[in-house]
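# Observations on the three-dimensional arrangement
Residue strings, one per chain:
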Amino acid sequence: MKVVLLGTAAGGGFPQWNCNCGRCASCRGGAPGVVPRSQDGLAISADGSDWYLVNASPDIRAQILATDLLDPGPGPRETPIRGALLTDAELDHSLGLLMLREGAGLEVYAPVAALNALRDDFAVQQIVGRYGDWAWFAAKDGMTLGRLRVRVLAVSNKKPKYARADGGGPWVVAYRIEDPATGGVIVYAPCLATWPDGLETFVDGASYVLLDGTFFSPDEMSGSTRAGVGSTAQRAMGHVPIAGPDGSLERIRKLGAVQPGTNWAYVHLNNTNPVLDSRSPEYAEVRAVGVKLPPDGTVLEL
Ligand code: MLT
Ligand code: MN
Ligand code: ZN
């Protein structure tokens, strides 16, 4: 199986258009080791001809154009993209569906709460349905995409800010995609409110785990200096931080000793996260545990 990391930043991307924090300013200024990143998503294929997106960010058009593997053809209007799996209905993971309206339509898999939000609160289902032949499915543990096997783990009940409905989660899932022909396994979990129950088992035997790395510390957006951005939005966004005793890095450090065959990487990096600067001590701390911070466009063969 091939996996392309189309984007690796959180909502807003890096740099964020309205942000003058130190890191966004360095990135804008072309500082070495502070590379731009688009909003997170993957493309996955077992055979190199049928591709599935995992999340569809508002950057999807540029991401597809930057990825030769997703070039259209051989017919005049043929795309190798067959469908999309969504981990949730957040705008940074679903706005891209609107950008794909020129196609004939896709099959979309998502948690039921997310599908409902994409119909009742942000009417993507109705809108793209007027342009093409789209099909919407509840993401089911054990489903298959061609020869790829998909496992689904409910990871949180954090709903998007725009969603009104309260009823019934889970709102957010992680995916484990296995290629039985190669034994390759990727786990994608870009949205973790806390370290979820069952994640250790879910990643067991994975070749690669792409994990929520939104924030390094629990409070990096507060404070009114240029290091912070004077915002109290971080708590409401609810992402498990990388650092600290309850952070994900400590969990990975412990798991790493048990599962030495598994590669770990952080994605969905928020523009305030100091790991975006490869000269920072926080970057060094993450790398010292062996966790990677791969750039956009990275291709994994699993
Ligand atoms: C999140 O990851 O918490 C959301 O994408 C935040 C947002 O952009 O609303
Ligand atoms: Mn997000
Ligand atoms: Zn910024």
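As a reminder, the structure under discussion sits directly above these lines.
Now for a description of the structure that goes with this document.

Here is what the cut-offs are and how they apply
Residues numbered from 1 in each chain as written. Chains lettered and ligands numbered in written order. Predicted model: local features only at pLDDT ≥ 70, side-chain atom pairs only at ≥ 80, totals over all residues. Heavy atoms only, no water. Near = heavy atom within 4 Å. Polar contact = N/O pair within 3.5 Å; in protein donor to acceptor, adjacent residues only side chain to side chain. Areas by Shrake-Rupley, 256 points an atom, 1.4 Å probe, with all protein chains shown as cover. Nonpolar A, V, L, I, M, F, W, Y, C, P; charged D, E, K, R; others polar. Pairing = 2+ DSSP bridges. Helix = DSSP H or I, 4+ residues; strand = E, 2+ residues; numbered from the N terminus. Axes fitted to C-alpha atoms, helices over the stretch in contact; angles between N-to-C directions. Contact = heavy atoms within 4.5 Å. Donors = N, O, S within 2.8 Å, 3.2 Å for Na, K, Ca; no water. Buried < 20%, exposed > 50% of the residue type's maximum accessible area, 1.4 Å probe, protein only. Phe/Tyr/Trp six-rings, centres within 6.5 Å; stacked < 30°, edge-to-face > 60°.

### Quick word on the site of ligand 1
Neighbouring ligand 1 are the residues E90, D92, K158, M237, H239 and H268. At 2.8 Å, a side-chain N or O of K158 approaches an oxygen atom of ligand 1. Within the side chain of H239, one N or O atom sits 2.7 Å away from an oxygen atom of ligand 1. A total of 270 Å² of accessible area belongs to ligand 1 in isolation, and the protein chains cover 75% of it. Taken together, the residues of the shell around ligand 1 break down into 1 nonpolar, 2 polar and 3 charged.

### Notes on the sheet that holds strand β2 (residues 41-45)
Spatial strand order, β6-β5-β4-β3-β2-β1-β13: 7 strands in an open sheet with mixed pairing. Among the strands making up the open sheet, the edge pair consists of β6 (135-138) and β13 (299-301). Looking at each pair of strands side by side, their axes are set apart by 20° on average, direction ignored. Where strand β1 (residues 2-7) lies against β13, 3 bridges are found, and the strand directions are antiparallel. If you follow K2 over to β13, its bridge partner there is E301. Where helix α5 (residues 112-120) meets the sheet, its contacts fall on β5 (107-110) and β6, and the angle it forms with β6 comes to roughly 145°.

### Concerning the coordination of the manganese ion (ligand 2)
Within the protein, the atoms that donate to the manganese ion (ligand 2) are D92 (OD) and H268 (NE2), at distances of 2.1 to 2.2 Å. Here D92, found in helix α3 (residues 91-94), pairs with H268, found in the loop between β12 (263-267) and α10 (281-288); they are 176 residues apart in sequence, far enough to count as distant. H268 matches D92 in its accessibility class, with the two residues each being buried.

### So, the side chain of S248
Among the structural elements, S248 can be located in helix α9 (residues 248-258). S248 sits in the buried class, given a relative accessible area of 0%. Those residues within four positions of S248 in sequence are excluded, and the remaining contacts are W195, L211, D212, V240, P241, I242 and Y266.

### So, the packing of aromatic side chains
Taken as a whole and assessed by the stated rule, the structure comprises 3 aromatic pairs. Relative to W136, the ring of W134 has its centre 5.9 Å away and its plane inclined at 15°; by these criteria the two rings are stacked. Here W134 falls in the buried class, since its relative accessible area comes to 10%.

### Some remarks on the coordination of the zinc ion (ligand 3)
Protein-derived ligands of the zinc ion (ligand 3) are C19 (SG), C21 (SG), C24 (SG) and N271 (OD1), with the metal-ligand distances lying across 2.2 to 2.3 Å. In primary sequence terms, the donor set of the zinc ion (ligand 3) follows C-x1-C-x2-C-x246-N. One end of the pair, C21, is in the loop between β1 and α1 (22-28); the other, N271, is in the loop between β12 and α10, with 250 residues separating them in the sequence. Neither C21 nor N271 differs from the other in exposure class; each is buried.

### Considering the environment of R23
Along the chain, R23 falls in helix α1. For R23, a relative accessible area of 17% gives the class buried. A C-alpha to C-alpha distance of 10.0 Å links R23 and V35, two positions 12 residues apart in sequence.

### Things to note about the sheet that holds strand β8 (residues 148-156)
Pairing between the strands of a sheet is mediated by backbone hydrogen bonds and can be parallel or antiparallel. Strands sit in the order β7-β8-β9-β10-β11-β12 across an open sheet of 6 strands; the sheet is mixed. Looking at which strands have only one partner, the edges of the open sheet turn out to be β7 (144-145) and β12. In this structure, β7 lies alongside β8, joined through 2 bridges in antiparallel fashion. Within β8, the residue paired with L145 across the bridge is L148. The strands that α9 touches are β11 (208-212) and β12; relative to β12, the one it contacts most, it runs at about 170°.

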